[in-house]
Structures are given as structure tokens and as C-alpha cells.
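Summary of the model geometry
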Amino acid sequence: MSATKTAAAPRHNPKVVTALRRFAISISVLNIFGYTVLGFEQPWTWPFIALATGYTTEILLEILGARAEGRAPRFAGGGVKGFMEFLLPAHITSLAVNMLTYVNDLVWVMVFGVIVAVGTKWVLRAPVKGRLRHFMNPSNFGIAVILLLFPWASIAPPYHFTEYLDGGFDWLVPAIIITLGTMLNAKLTERMWLILAWVGGFALQAIVRGLLFDTSIPAGLAMMSGVAFVLFTNYMITDPGTTPSSKWGQIAFGGGTAALYGVLTAMSVAYGIFFATALVCAIRGAFLWTADVVSKKRAEEALALAAVTHSVAQADAAARAQADAADAAGCPCPAGACACPAPDTADAAGCPCPAGACACPAPDTADTATQKIPVTA
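Keep in mind that what you see is a predicted model, and the values were worked out from it rather than measured.

Here we come to the packing of helix α4 (residues 107-123) against helix α5 (residues 138-149). In the contact formed by α4 and α5, the axes pass within 8 Å of each other and the chain directions differ by 135°. As summarised for this structure, α4 and α5 are arranged oblique, according to the angle between their axes. In this structure, the crossing between α4 and α5 has a hand that is right-handed. Contact residues: α4 offers V109, F112, G113, V116, A117, T120 and K121, while α5 offers P138, S139, F141, G142, V145, I146 and L149. Partitioning the contact of α4 with α5 into residue classes produces nine nonpolar, four polar and one charged.

This is the structure we're talking about:
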């Protein structure tokens with residue numbers, strides 16, 4: 001008889017599901033306007049290819065994972081709504097990888113990036129609150145792998161989002177993204193400390209690079225006004241599944257990403273924004289694994305100490321019980337001093353305890369209380 005499969009635990013809490021739903025709606029609307037109004041460079045069929053790839057990869061890996069873990073797939077049992085909510089992360093990742101990369105006419109490179117992005121959630125994992133969770137930002141990692149393995153590939157060009165807008169309307173797109181993204185991150189993802197640390201750190205690294213390496217500070221700061229930077233700030237680096245929740249954790253993550261970007265840019269590494277994010281995610285993953293190992297080791301040491309303490313307490317209790325029993329049987333030693341047997345005979349000349357065990361008085365008997373000395377007549 002086959003083993004009964006356990007029910008799958010909820011994948012996300014309601015607030016995160018709402019955030020994912022709004023992320024998915026936002027990126028879908030942006031793609032629709034991008035291909036009809038803004039001037040996206042990729043063929044209009046590619047978003048559909050990306051979505052089909054992402055959905056298929058997510059479903060297949062979930063089936064394999066559920067079978068390996070002996071549970072039901074997370075998309076089962078929730079109806080159409082549950083199935084759609086299950087696919088929200090893959091939807092966002094697929095569209096983001098296609099939208100932000102430019103791989104000429106080689107669609108298979110984009111497909112490869114989507115598979116890597118979705119698949120990394122099952123490979124690069126770390127323990128978080130007793131569960132293995134992915135720590136690498138999927139979309140960012142897929143893009144970084146494409147840029148690393150295919151040097152001729154690039155990020156979508158700067159005019160990608162505003163090619164057909166003029167007369168001041170080119171500022172409308174980033175303004176809308178900032179407004180909607182800020183509302184989303186403030187109310188649902190709760191990653192405003194991360195955004196503030198990232199934006200502040202980015203401005204600081206531009207100034208520092210200008211002072212140390214004589215680069216153009218205005219040019220470094222001008223990047224913050226681009227649509228790509230605004231999208232990255234509000235919809236990629238704030239991924240709630242791969243960033244810390246605490247205030248100082250968010251500050252460290254955002255500030256660390258900005259600092260690493262400055263270092264990579266100073267080293268003439270192109271597309272440092274994606275590589276910096278991947279490196280910070282990797283550092284966080286290593287930290288989570290280290291913290292888990294240390295926590296388990298401390299727990300084992302605490303259990304060992306508790307076992308030793310329990311054994312000592314049991315030995316002390318046994319010794320006290322034995323001493324009390326001996327005292328009740330007539331042992332002349334004080335209670336708890338040693339476990340002395342009672343004298344075998346009333347003629348015993350001294351303490352029945354072993355030499356040096358304790359200071360035992362001689363038994364009080366008529367024959368041993370005084371010593372009779374014969375007197376010559």
C-alpha cells in the first residue's frame with residue numbers, strides 16, 4: 001500500500017499573495033503598453049514564449065519536488081484561483097527576463113534564461129525558520145547568467161521604455177512606476193527601508209567614485225532617473241522572497257548591493273547592478289546556512305549539557321537515598337557523609353567505615369566504652 005501524501009503547506013501568506021498579484025498585473029500592463037505604445041524591441045511573440053517556458057518549468061519542478069518530499073503539489077486542491085496564484089512568481093519572472101534582456105534574434109537564449117531563473121528556486125536554497133527557501137532573486141539571477149555566459153547579449157537599451165514618447169511624456173512612465181511601486185512596497189512587501197538604503201547607497205557610491213576616480217558625478221547620479229533603474233528599484237531588488245524582513249537586514253541588503261555595484265563599476269564591470277544583486281543574495285544565502293549550522297550545534301551542545309546535568313542530579317539523588325537508608329539502619333556516620341554499613345557486632349573496636357572515608361565515632365557499647373586493664377594482686 002502506498003504511503004499517504006501529506007497536504008502541501010501554504011506557499012505564501014495572504015499579504016505576499018496580494019503583492020505578487022499586483023506585481024503580476026503591473027508587469028503585464030507594462031508589457032502590453034510596451035509592445036503597443038512604448039517601443040519594446042523584442043518580437044511580440046516572445047512574452048508568450050517566455051510565459052509558456054516559465055509555467056512549464058514551474059509545474060514540472062513542483063511535481064518532482066512534491067513527489068520527492070511526499071506531499072501533494074501546491075497547485076492542487078485550490079481550484080482555478082489556487083492554480084493561478086501558484087503561477088504568479090513564474091509569470092513575473094518570465095516577463096521580467098524577456099523584458100529586460102536583449103539577445104538579438106536568438107529566442108533560445110531567452111528561453112534558457114527563463115529556465116535558469118525559475119529553476120534556481122529549487123537549487124539555491126537555504127534554511128529560513130525551519131524551511132528551505134530560495135535565496136537567489138530569480139529574475140535577476142536569470143539575467144545575470146545570460147550576461148555572463150553570452151557576452152554579446154545585453155540589457156534592453158535605454159530608449160526601450162520611452163522610444164515613442166516625447167513632449168515631456170517620457171517622464172510620465174517613471175513617475176507612474178515610482179508611484180505605484182512605492183505604494184506596493186510600503187503597504188504589502190514592507191521593503192521601504194531596503195529601497196531607502198539602496199537609493200541612498202547608490203547616490204553615495206556615485207559621489208565616492210567621482211571623488212576617488214575622477215568620474216562624472218552628475219552622470220553617475222543621472223542613471224537614477226532612468227526607467228530601468230526605477231523598475232529595478234521598485235520591482236526587482238524588493239523581491240520579498242529573497243530579501244530580509246527586518247529593518248537592519250533590509251538596510252544591510254540595500255546598502256550592500258549599492259556598495260558592491262560601486263566596486264564592480266570602478267573595476268569596469270558592465271551591468272554591475274545585476275551582478276551586485278546576485279552577489280549580495282549569495283552572501284545572504286551563505287549567512288543563512290552558517291546561522292543554521294551554528295544554531296544546530298548550539299542546540300546539540302545544550303542537549304548534551306542537559307543530559308550531563310540530569311545524570312549528575314540522578315547520581316546525587318541516588319547517593320543521598322543510599323545514605324539515608326544506611327543511617328536508618330544504624331550507621332554511626334552523619335547523614336550524607338558516606339554510605340557506611342552498620343557495625344556487624346557490638347564488640348567492634350572502631351568505626352566500620354573505610355579509612356579516610358569520613359570521621360566516624362566508635363560504636364557506643366558497654367565493651368568498647370571503657371578499656372579494662374588487669375591489676376596484679
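What follows picks up the thread again.
Formed by 64 residues in total, the largest nonpolar core has its most connected members in M99, I143, W198, L231 and F274. When residues no more than four places from it in sequence are discounted, the contact partners of I143 are A96, V97, L100, T101, I155, M236 and F274.

Turning our attention to helix α2 (residues 46-69). With 24 residues, α2 should reach 34 Å at 1.5 Å per residue; the first-to-last C-alpha distance of 34 Å fits that figure. Turning to α2, its buried residues are W46, P47, A50, L51, T53, G54, T57, E58, E62, G65 and A66. Its buried side turned inward, α2 meets α1 (14-38), α3 (79-100) and α4.

For the rest of this paragraph, the subject is the confidence of the model for the protein. Mean pLDDT for the protein: 84, with 82% of residues reaching 70 or above. Throughout residues 345-350 the model reports pLDDT below 50, and contacts reaching past four residues in sequence, or to other chains, amount to ten contacts. A low-confidence stretch, residues 364-373 (pLDDT under 50), is modelled with seven contacts involving residues beyond four sequence positions or located in other chains.

Further remarks concern helix α10 (residues 247-266). Helix length check: α10 (20 residues) gives 29 Å between terminal C-alpha atoms against 28 Å at 1.5 Å per residue, within 8%. Remark: S268 follows α10 within two positions and exhibits a positive phi of approximately 65°.

Turning next to the pattern of salt bridges. The final tally for this structure, using the stated rule, is eight salt bridges. In this structure, E69 and R71 form a salt bridge, with 2.6 Å as the shortest nitrogen-oxygen distance. For R71, a relative accessible area of 6% corresponds to the buried category. Of the charged contacts, one joins R125 and E69 as a salt bridge, the two residues approaching to 4.0 Å between their closest N and O atoms. Residue R125 is located in strand β2 (residues 125-128), and its partner E69 is located in helix α2; the two are separated by 56 residues in the primary sequence. Salt bridges sharing partners connect three or more residues here, namely E62, E69, R71, R74 and R125.

Alignment of β2 against strand β3 (residues 131-134), held across four bridges, turns out to be antiparallel. For V128, the partnering residue across the bridge sits in β3 and is R131. The loop that links β2 with its antiparallel partner β3 comprises two residues; one of these, K129, has a positive phi angle of about 55°.

A few words on the packing of aromatic side chains. In this structure the tally under the stated criterion is 15 aromatic pairs. Here F23 and Y235 contribute two aromatic rings whose centre-to-centre distance is 5.3 Å and whose plane-to-plane angle is 80°, an arrangement assigned as edge-to-face. Taken as a pair, F23 in helix α1 and Y235 in helix α9 (residues 227-235) lie far apart in primary sequence, 212 residues in all. Take F23 and Y235: they sit in the same class, and that class is buried.

What follows is about the environment of V173. Structurally, the position occupied by V173 is in helix α6 (residues 172-189). With residues near it in sequence (within four places) discarded, V173 still touches L38, F161, T162, L165 and V227.

This brings us to unusual backbone geometry. We note that K129 has phi near 55°; this positive angle belongs to a residue other than glycine. One can find K129 in the loop between β2 and β3. Of note, Y271 is a non-glycine position whose phi angle comes to about 55°, a positive value. Inspection of the secondary structure puts Y271 in the loop between α10 and α11 (272-328).

This part is about the packing of α2 against α3. Relative to each other, α2 and α3 sit at 135°, their axes nearing to 8 Å. Comparing their axes, α3 and α2 come out oblique. Taken as a pair, α2 and α3 cross one another with a handedness that is right-handed. Within the contact between the two elements, α2 uses W46, P47, A50, L51, G54, Y55, E58, I59 and E62 and α3 uses F83, F86, L87, A90, H91, S94, L95 and N98. Of the residues that constitute the contact of α2 with α3, the class distribution is eleven nonpolar, four polar and two charged.

About the criteria used
Residues numbered from 1 in each chain as written. Predicted model: local features only at pLDDT ≥ 70, side-chain atom pairs only at ≥ 80, totals over all residues. Heavy atoms only, no water. Axes fitted to C-alpha atoms, helices over the stretch in contact; angles between N-to-C directions. Helix = DSSP H or I, 4+ residues; strand = E, 2+ residues; numbered from the N terminus. Parallel < 35°, antiparallel > 145°, perpendicular 65-115°, else oblique. Left-handed = near helix turned anticlockwise from the far one by under 90°. Contact = heavy atoms within 4.5 Å. Nonpolar A, V, L, I, M, F, W, Y, C, P; charged D, E, K, R; others polar. Core = buried A, V, L, I, M, F, W, Y, C linked by side-chain atoms within 4.5 Å. Buried < 20%, exposed > 50% of the residue type's maximum accessible area, 1.4 Å probe, protein only. Expected span 1.5 Å × (residues − 1). pLDDT = per-residue confidence, 0-100. Salt bridge = Lys/Arg side-chain N within 4 Å of Asp/Glu carboxyl O. Pairing = 2+ DSSP bridges. Phe/Tyr/Trp six-rings, centres within 6.5 Å; stacked < 30°, edge-to-face > 60°.

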